[in-house]
Amino acid sequence: MDFLTFLSRRLVRLALCLVAVSIITFTLLQSAPGNFADIQRVTSGASSIGGTGTEQMLAESLSRYGDDVPAWQQYLTFMQGVATWDMGPSYRYAGRAVEDIIGSAFPISATLALLAVTLALLIAVPAGVFAALRQNSKADHSTMFLVTLGNALPSYLVAAFLIVIFSASLGWLPSSGWSRPEHLILPVLALSLGPAAVLARYVRSSMLETLREEYVTAAMAKGGPYRTVIVRHALRNSLIPLVTVVGPLLAALMTGTVFVEALFRIPGLGYYAATAAASRDMPLLMGTVLFFALIIMVVNLAVDLTYGFIDPRIRAEGGWGRSQLRKTSTQPA
Amino acid sequence: MTLTQRAEPHDPPESDALLSVRELHTEFLREQAEPLRVVDGVSFDVERGKALAIVGESGSGKSVTVRSVLRLLPRTARTPSGEAWFHGRDLLSLSQREMRRIRGRNIGMVFQNAAEAMNPTLTLERQLTEHLLWHGICGKSEARERAVRALGDVGIPEPERRIRVYPFQLSGGMRQRAMIAMAMVTEPALLIADEPTTAVDVTVQRQILDLLVGLKDRGTGVIMITHDLGVARYFCDQAVVMYAGRVVEQAPTSELLDTPRHPYTKGLLGSSVEVGGQERPLLPIPGSPPDLAHRPAGCAFHPRCAQAESPRCQEEQELISIGDERAAACWKAETGR
């Protein structure tokens, strides 16, 4: 199996998965109690400004799917929209197309996610290596204590603390908004501390395992400088399994973090998905859920590809890789 | 190979040996217990162009002995005491930085299993050239040439192409030879081989040994750790038998194997298939090596010794010289029983 066959098989599987996810989501949404119109009437009726305008907008947006159209037809209409990247207007945000909402919210969530994961890695790798090299020392125990603490605090609590300290008390940083670079700082910090703790544990245990490998001793026996041996022979190989953790983490953050986005009033994907679910906004909910599924699967595919790229053993086993290596591995000994 | 008492500390011994180890002690720290004496007063010499076998059961301290000389001990080990003279310097008194310049350049090491001792994610090229660069022996392109030549020297066909592969893409025998090439590419004066033939099958075993014979003929001194007495007889000039961290017998290999003096050596021979031959029944040594935390009083071997009937066996046994070249740590050895 060469690389292209491998890739196309994975892409076909990805498409099938998306169809399955869409069917499940649509069915669940259909069987959930209440619909968009009812919920909208109740909430806007209370504020008494609903009036004819709202009713008219409702009628317009629903006309694409319509109450009289059977559910399976609504589903097909929507999926047709997905295929042509034209999912129609959202119910809740009348006048805005679903693909526009996703298109504007995803870059925000993705920026947050990438920055948070990068920061988490910048904290976790040195901390994990530091703890592993001083296993069972005071330095190791105190690092791991901090890590456990970071692990135990949920991101929204960290976010609340950060707002209290840096916005409310010190007044250094804005507590909400999304227009200037300084708006990034607190949410990224809030999102990265938990993952940093998880990753630091991984790095430490993986590093400890690698340090026990004979090839690390062998590199020392060749007269390798301590740092070089640690980085080239131990750290490099201990980071390989980390890819499988970082990938899903990145996907989870990219698909939005409801609490943190809500706390900092960031118009990210998580925020829209949450409102869509609460108001039974079928097109927007279907759109975001499918988009989440797509991201998670693409990231998983990327993880597998990266794994093969950085670990020659996997590359050889999978049988896809540079042809030169394949030829060599099949040579009789 | 007499055991000369040194007059002054830190004077090289009067021998012209390549490596002279004197009274090596290595202890491992334990939590809430006395440190464990894993190597307890070991002395031996390695001559240029000769091979020394260190034989003994697992746990007798063979590996820790050579790793003490290389100063490659785990963190739980204390800095070994004693002396290890190599090129006029006592390795045990050097700093780790000074030691690093000697490791890999002047003293090479071959491990038991190349599949574990070679980094699975680096190509042979990287692993065969990196220490040439670390020690500043030559530049990158010459390092590559040397590595290719070293692979060819150990009998790997098409070394130009093979140098680009990863260790797991080689067969077991070829991988083991690649590891020897890795140790030899810097042309060290001393090679330490820790059971280099244990993990490979018999046909490869012979190739590896012939390779090492070639090195020895070119003047390299070799320490070979082995529990295979056949390998020791074939390859090694001198032999040291270790038991519970101490040397119990040392002699030229052929004499040691033909006329063993220490009961433990006799026991090892009796339990060895190759040396025992078919006409002699296998006589394994009863029991198992002692737990070093509960070393038997006196001669550590006496609980397993078939000839330990005298109260003298309850006393510590010093190495007693027998003739010029031999010594054994048993009071009965002198009588040659």
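Residues numbered from 1 in each chain as written. Chains lettered and ligands numbered in written order. Predicted model: local features only at pLDDT ≥ 70, side-chain atom pairs only at ≥ 80, totals over all residues.

## Details of the overall build of chain B
Part 1 of the argument: Summing up its helical and strand segments, chain B has 12 helices and 12 strands in all.
Part 2 of the argument: Taking 20 Å as the expected radius of gyration for a compact globule of 337 residues, we find that chain B reaches 20 Å, a close match to that expectation.
Part 3 of the argument: Over its C-alpha atoms, taken along the principal directions, chain B stretches across nearly 65 × 50 × 40 Å.
Part 4 of the argument: Looking at chain B as a whole, 47% of its 337 residues are labelled buried.
Part 5 of the argument: For chain B, the share of sequence-separated contacts (at least 6 apart) that also reach a separation of at least 24 residues comes to 63%. (Helix = DSSP H or I, 4+ residues; strand = E, 2+ residues; numbered from the N terminus. Rg over C-alpha atoms; globule rule 2.2 N^0.38 Å. Buried ≥ 20, exposed ≤ 12 C-beta atoms within 10 Å, placed from the backbone. Contact = placed C-beta atoms within 7 Å.)

## Focus on the pairing of strand E7 (residues 190-194) of chain B
Residues and elements named next belong to chain B.
Part 1 of the argument: Taking burial as the measure, the five residues of E7 include five buried ones, the bulk of the element.
Part 2 of the argument: Residue alternation in E7 divides its side chains into two sets, Leu190, Ile192 and Asp194 and Leu191 and Ala193, and both sets are buried.
Part 3 of the argument: Note that strand E6 (residues 107-110) and E7 share four bridges and pair parallel. Note that in E7 the partner of methionine 109 across the bridge is isoleucine 192.
Part 4 of the argument: As defined by bridge partners, E7 adjoins strand E8 (residues 221-226) across five bridges and the pair is classed as parallel. Note on E8: the bridge partner recorded for alanine 193 is methionine 224. (Pairing = 2+ DSSP bridges.)

## Quick word on the environment of glutamate 130 of chain B
Part 1 of the argument: Tracing the backbone through its elements, the reader meets glutamate 130 of chain B in helix H4 (residues 124-134).
Part 2 of the argument: Glutamate 130 of chain B sits 122 residues away from proline 252 of chain B along the chain, and the two C-alpha atoms are 37 Å apart.

## Details of the UniProt feature "transmembrane region" (unreviewed entry) in chain A
Residues and elements named next belong to chain A.
Part 1 of the argument: Here, the residues flagged by UniProt with the feature "transmembrane region" (unreviewed entry) are residues 12-32, 112-133, 145-172, 184-203, 239-264 and 284-303.
Part 2 of the argument: Note that residues 112-133 is 100% helix and 0% strand, and that its end C-alpha atoms are spaced 32 Å apart.
Part 3 of the argument: In this annotation, residues 145-172 is assigned 82% helix and 0% strand; the end-to-end C-alpha distance for the span is 29 Å. (UniProt positions renumbered as here; feature names shortened; annotations may be inferred.)

## Observations concerning the interface of chain A and chain B
Accessible area lost upon the coming together of the parts is a frequently used measure of interface size.
Part 1 of the argument: Each side of the interface is counted separately: chain A has 21 residues, and chain B has 26 residues.
Part 2 of the argument: Elements represented by at least two residues in the side of chain A that touches chain B include exactly helix H9 (214-221), helix H10 (226-239), helix H15 (312-318) and helix H16 (323-330) of chain A.
Part 3 of the argument: With six residues, H9 of chain A is the largest single contributor of residues to the side of chain A that touches chain B.
Part 4 of the argument: Grouping the amino acids of the side of chain A that touches chain B by side-chain chemistry returns eight nonpolar, seven polar and six charged. (Nonpolar A, V, L, I, M, F, W, Y, C, P; charged D, E, K, R; others polar.)

## What to know about the domain arrangement of chain A
Part 1 of the argument: By the assigned domains, chain A splits into domain 1 (1-93 + 280-333) and domain 2 (98-275).
Part 2 of the argument: With 23 residues of domain 1 of chain A at the interface, the matching set in domain 2 of chain A holds 17 residues. (Domains from an automatic or database assignment.)

## Regarding the nonpolar core
Part 1 of the argument: Counting residues in hydrophobic clusters, the biggest one holds 169 residues, and the most contacted among them are Ala53, Ala178, Met179 and Ala181 of chain B.
Part 2 of the argument: The element best represented in this core is helix H5 (residues 98-133) of chain A, accounting for 17 residues.
Part 3 of the argument: Mapped onto the domain boundaries, this core takes at least three residues apiece from domain 1 (1-93 + 280-333) and domain 2 (98-275) of chain A. (Core = buried A, V, L, I, M, F, W, Y, C linked by C-beta atoms within 7 Å.)

## What to know about the UniProt feature "domain: ABC transporter" (unreviewed entry) in chain B
Part 1 of the argument: Under the UniProt annotation, "domain: ABC transporter" (unreviewed entry) lies at residues 24-269 of chain B.
Part 2 of the argument: Across residues 24-269 of chain B, helical content stands at 40% and strand content at 25%; the span's end C-alpha atoms are separated by 26 Å.

## Topic: the sheet that holds strand E3 (residues 51-55) of chain B
Residue and element names in this part refer to chain B.
Part 1 of the argument: What the eight strands build is an open sheet, ordered E6-E7-E8-E3-E9-E10-E12-E11; its pairing is mixed. In this open sheet, the two edge strands, each paired with only one partner strand, are E6 and strand E11 (320-322). Strand-to-strand twist across the sheet, computed as the mean angle between neighbouring axes with direction ignored, equals 20°.
Part 2 of the argument: Pairing of E11 with strand E12 (residues 326-328) involves three bridges; the strand directions are antiparallel. Bridging from a neighbouring strand, isoleucine 322 pairs with arginine 326 of E12.
Part 3 of the argument: On the sheet, helix H7 (residues 172-184) packs against E6 and E7 and is oriented at approximately 170° with respect to E6.
Part 4 of the argument: On the sheet, helix H11 (residues 263-270) packs against E3, strand E9 (238-243) and strand E10 (246-252) and is oriented at approximately 100° with respect to E9. (Axes fitted to C-alpha atoms, helices over the stretch in contact; angles between N-to-C directions.)

## Section: unusual backbone geometry
Excluding glycine, most residues fall at negative phi; most peptide bonds, likewise, are trans.
Part 1 of the argument: Within the chain, asparagine 136 of chain A stands out as a residue other than glycine whose phi angle is a positive 65°.
Part 2 of the argument: Topologically, asparagine 136 of chain A is positioned in the loop between H5 and helix H6 (138-152).
Part 3 of the argument: C-beta crowding within 10 Å serves as the criterion here: with 10 such atoms nearby, asparagine 136 of chain A is assigned to the exposed category.
Part 4 of the argument: Phi is positive for glutamate 23 of chain B, close to 50°, though the residue is something other than glycine.
Part 5 of the argument: Its place among the elements puts glutamate 23 of chain B in strand E1 (residues 19-30).

## Here's the deal with the environment of serine 60 of chain B
All names here are of chain B.
Part 1 of the argument: Residue placement: serine 60 occurs in the loop between E3 and helix H1 (62-70).
Part 2 of the argument: Each C-alpha atom, one on serine 60 and one on histidine 227, is 11 Å from the other, the two residues being 167 residues apart in sequence.
Part 3 of the argument: With residues up to four places along the chain from it excluded, the contact list for serine 60 reads Met242, Tyr243, Ala244, Gly245 and Pro289.

## Digging into the packing of H5 of chain A against helix H8 (residues 182-211) of chain A
Residues and elements named next belong to chain A.
Part 1 of the argument: One can describe the packing of H5 onto H8 by two numbers: an axis separation of 5 Å at closest approach and a directional angle of 35°. When you trace H5 past H8, the crossing you get is right-handed.
Part 2 of the argument: Taken together, the residues of the contact of H5 with H8 sort by class into 27 nonpolar, two polar and one charged. (Left-handed = near helix turned anticlockwise from the far one by under 90°.)

## Considerations on the packing of helix H1 (residues 3-31) of chain A against helix H14 (residues 282-310) of chain A
Residues and elements named next belong to chain A.
Part 1 of the argument: Where H1 meets H14, the closest approach of the two axes is 10 Å, and the angle between their N-to-C directions is 150°. On the basis of their axis angle, the class for H1 and H14 is roughly antiparallel. Handedness of the H1/H14 crossing: right-handed. Contact residues: Arg10, Leu14, Cys17, Leu18, Val21, Ser22, Thr25, Phe26 and Leu29 in H1; Met282, Leu285, Met286, Val289, Leu290, Ala293, Leu294, Met297 and Leu301 in H14.
Part 2 of the argument: By residue class, the composition of the contact of H1 with H14 is 15 nonpolar, two polar and one charged. (Parallel < 35°, antiparallel > 145°, perpendicular 65-115°, else oblique.)

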